[in-house]
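Architecture at a glance
Here is how the chains run, residue by residue.
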Amino acid sequence: MPEIRHSHLDALEAESIEIFREVAASFERPVMMYSIGKDSSVLLHVARKAFFPSKIPFPLLHVDTTFKFREMIAFRDRMAEQYGFDLITHTNQEGVVENINPFDHGSARYTDIMKTVALRQALNAGQYDAAIGGARRDEEKSRAKERVFSHRNAQHAWDPKNQRPELWRLFNTRISPGESMRVFPLSNWTELDIWTYIYKEEIEIPSLYLAKLRPVVERSGTLIMVDDERLPLNEGETPQEKMVRFRTLGCYPLTGAIESEAATLPEIIMEMNASRTSEREGRLIDSDQAGSMEKKKQEGYF
Amino acid sequence: MSITQQAPQLDIEQWLSAQTDKSILRFLTCGSVDDGKSTLIGRLLYDSQLILDDQLASLQKESHNRTTGDEGIDFSLLVDGLTAEREQGITIDVAYRFFTTEKRKFIVADTPGHEQYTRNMATGASNADLAIVLIDARKGVLTQTKRHSFILSLIGVKHVVAVVNKIDLVDYDKAVFDKIDAEYREFAAQLGFKSLVTVPISALRGDNIVSKSTQMDWYNGPQLVPYLEEIDVAEDRVEQPFRFPVQWVNRASLDFRGFSGTVASGQIKPDDDVLIAASRKPAKIKRIVTMDGDLNAARAGDAVTLVLDREVDISRGDVLSAPGETPEFSNQFQARLIWMHENPAMAGRSYLIKIGSQMVPATITKIKQKTNVNTLEQNPAKCLELNEVGTVTIATDKPIAFDAYAENPLTGGFILIDRLSNATLGAGTIEFGLRRAQNLTYQDFDVNRQVRADMKGQTPRIVWFTGLSGSGKSTIANLLEKRITAEGKHTYILDGDNVRHGLNKDLGFTDEDRVENIRRVAEVAKLMADAGLIVLVSFISPFKNERRLAREVAGDIQFIEAYVNTPLEVCAQRDPKGLYARAKAGEIKNFTGLDSPFEAPEQADITLNAAENDPVDLANELYDLLFEGHQYSAL
């Protein structure tokens, strides 16, 4: 038999699979957060591997803020059909009634109502005792310290000072009634791992990650894609067609595009690798307020 | 619309292939607080080019404001940026950092240096293949250096790099390095590391980090980063006996039943024989299923789903193993335990143990000794406080499969969990099994009360509640039983409802019948205690003589008389079953307190005033009396 040396991606994948199975075996009502981006795509892929040939034995939850890129929604529905997973979408209906949007109410209030509150509503409604997310430890400083199985009290609050020691792979999955666990199978992956894994495993991701001519307007240095007619144009503002792509996906009015020619997966990996120091460094020394804010808006609620 | 894979250019593909093929090294940094850990991590991030020029420039500017002088850059500023954030509340925890070199990917567990956070250092060590122990050249080997090194050996980190940092501050003096090198090696010799190198470095100036320092011609050992890139830490798990803890049973369809898990050690291929540790039933591997297709072999570290050739009863927690090399299967073992909680570890307490995918109630049966982590001396101990390490024996409620930790960390390491708060209390490493359950022959020992009690991890007792009807006996007994049961102990309540309707239904309420009633209950309580149970008897039992009889029947079984003292008026007013009303109406004769006497105990072991206190508090008071180390006379 040929000597197979486990690469780090094999090791990361196996570790994540083990975490998924631990959730399925230990909790009554798990749910997986599905936000349609690259990390969610990897999460979905690993989840399918963990339970094959069974289907994923818990639902996937998407909190729809109503301002996601149209392509994201189409991609989400196609994935659900293709892989036959149980998709739950939730929108804060009170927010819809009040027509909460990022233009009139500001991004912070909009994010709070349509994302954070909406997520709590969905988790309470489903009475989920474990919520699986795609967050990674290399993303953010507080995440660097969070456990793989991260305990939440009945109010969904994290107590960082009182985390359970997490030794070996012996995850303490015990919770009291009303409490829940957030679980992060991709904790030990880096952004580069995510991209190389997507490449190696040929995982489908929304094409918004690839450069293409798209209609954008420039606002305080940020390129915003005009994804539908709801984006109010300032006087004299006309969308320009530019070659752009997105590093992260979220609500289109709050997601900045970058100008890029990288139209294939290897090209964006190379492009990202060339600039990866600045992305990561931004997180490391916390100098880039805007960047971390954006990150928060993209993914912060989890 | 979505991405379709396109043929990439060759160099990109090669680069990606190099990325995906890199191996991974998980290490932790530890040592005393001021030994330069932050600076070293900053230096590693810097040298693996995770810091940009513009950021470096501002770093240089900032560094000049500090005390590093001339061309020096204060790399600790990188990590100190985090420290400020940490000070707002999460100072104490392990942080994970990531960096990559041409040859390898690294996950660093950056562990806190303070003594009070030893548990977090242990957490970081538990998933590390290697440890960098920092030693300040000016200070030499400190207590904390020793403490951390001991924890490393306990957790089973096999490879250690002791870096003697700040060597520039002692003028790159060979004698200083040699002295520390000798001292540390002498201490570490007791700890059984597989590899140990000592490297003189200056994290600040980059000496011996990536390339050989020009300042230390006398040093011919390895440089830090090249050493980390090259060291082979692969434990030969593949060569070890096959262990497969079943994590999840995969029932994809009526025709498919597979067992999902990660191979802990060894390897397996179709047609290989396996044995199920608990049931000792054999089977053959039929298929090794993954989404990428069936495999012709699975090895340590692979997360797979095994299909067997026959129907066998297997569930989560079972361990599949090689037939000739099975794990121990027993309910008692000796282990080393690191305690991680403010509430100390005590013998006799019941916890949950998680080992592999098995989780069962377990009791610390004995704390044999604790280790002074500074001197490695063993001292006698009654309990283990936070951050203390000791040798204990543990009994589980049912047999579990395990190996010695030294032989197999994945099947020999465990955690203890609090049954009420669910907190993780401690982490242990099994030394050896105390009783080989699979070899037991029944002639070997007498099954007696002690054996039955040990299996339940408890001391059998009889708690005898006496008091008027409606005084609150059953309420308190029920609350007490709930609490005891939640801790995994085995109890039974004997009261009027379950005895009068069955065993004693031939008895009335005359004085003679009352005596016989109590005699029978006392005998049943004794049998149950002999079976190992904690028995709660809730009977009015109004006569002193009967209660003394019950105590005598119990013999050498601990007997606790609990007098629930509630004034008659209060009981009559509560009248939960409407009995007082009926008695007063003349429907019930010989009613205790009305037309039949209640002889209050004069020397009850505990008197509970249930008129003025919350029954929960009384149950807790009684619990404390029972389990917090009080002694009782048998008679």
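Residues numbered from 1 in each chain as written. Chains lettered and ligands numbered in written order. Predicted model: local features only at pLDDT ≥ 70, side-chain atom pairs only at ≥ 80, totals over all residues. Heavy atoms only, no water.

**Quick look at the confidence of the model for chain B**
Residues and elements named next belong to chain B.
- For chain B, the average pLDDT comes to 84, and 88% of its residues sit at 70 or higher.
- Mean pLDDT across the elements of chain B ranges from a minimum in helix α4 (residues 76-86), with 50, to a maximum in strand β14 (residues 303-308), with 97.
- Ignoring residues within four places in sequence, the model shows residues 66-71, a span with pLDDT below 50, making 10 contacts including any to other chains.
- Across residues 437-444, confidence stays below pLDDT 50; counting only partners more than four residues off in sequence or on other chains, it has 6 contacts. (pLDDT = per-residue confidence, 0-100. Helix = DSSP H or I, 4+ residues; strand = E, 2+ residues; numbered from the N terminus. Contact = heavy atoms within 4.5 Å.)

**Remarks on unusual backbone geometry**
- For the bond from Phe52(A) to Pro53(A), the omega torsion is 0°, close enough to zero to count as cis.
- Here Pro53(A) shows up in the loop between α2 (38-51) and β2 (60-63).
- With phi around 75°, Thr66(A) is a residue other than glycine that occupies positive phi space.
- For Thr66(A), the position within the fold is in the loop between β2 and α3 (70-83).
- Taking relative accessible area as the criterion, Thr66(A) reaches 30% and is therefore assigned partly exposed.
- Positive phi is not limited to glycine here, since Asn208(B) has a value of about 60°. (Buried < 20%, exposed > 50% of the residue type's maximum accessible area, 1.4 Å probe, protein only.)

**Overview of the packing of aromatic side chains**
- One pass over the structure, following the stated rule, counts 29 aromatic pairs over all chains.
- Aromatic ring contacts, followed pair by pair, group Phe67(A), Phe69(A), Phe103(A), Tyr110(A), Phe246(A) and Tyr252(A) into a single cluster.
- Lying across the ring of Tyr83(A), Arg48(A) places its NZ or CZ 3.6 Å from the centre.
- The ring of Phe598(B) is capped by Arg547(B), whose NZ or CZ atom sits 5.8 Å from the centre of that ring. (Phe/Tyr/Trp six-rings, centres within 6.5 Å; stacked < 30°, edge-to-face > 60°. Lys NZ or Arg CZ within 6 Å of the ring centre and 35° of its normal.)

**Thoughts on helix α1 (residues 8-26) of chain A**
- The end-to-end C-alpha distance of α1(A) is 27 Å, a good match for the 27 Å that 19 residues give at a rise of 1.5 Å each.
- With respect to burial, α1(A) is a largely interior element, 15 of its 19 residues being buried. (Expected span 1.5 Å × (residues − 1).)

**Brief notes about the UniProt feature "active site" (unreviewed entry) in chain B**
All names here are of chain B.
- Per the UniProt record, "active site" (unreviewed entry) is found at Ser541.
- You can see Ser541 is positioned in the loop between β27 (534-538) and α14 (544-554).
- Its relative accessible area of 2% is what places Ser541 among the buried residues.
- If near-sequence neighbours (up to four positions away) are discounted, Ser541 is found in contact with Trp464, Phe465, Thr466, Ile518, Glu546, Arg547 and Phe598. (UniProt positions renumbered as here; feature names shortened; annotations may be inferred.)

**Thoughts on the UniProt feature "binding site: ATP" (unreviewed entry) in chain B**
Residue and element names in this part refer to chain B.
- Within this structure's numbering, the places UniProt gives as "binding site: ATP" (unreviewed entry) are Gly467, Leu468, Ser469, Gly470, Ser471, Gly472, Lys473 and Ser474.
- Among the secondary structure elements, Gly467 is positioned in the loop between β25 (461-466) and α11 (473-486).
- Among the residues examined, Gly467 registers a relative accessible area of 0% and is labelled buried.
- Here Gly467 is in contact with Lys473, Phe539, Ile540, Val564 and Phe598, once residues within four sequence places are set aside.
- The topology assignment puts Gly472 in the loop between β25 and α11.
- The class for Gly472 is buried, based on a relative accessible area of 16%.
- Excluding residues that lie within four positions of it along the chain, Gly472 makes contacts with Val564 and Arg574.

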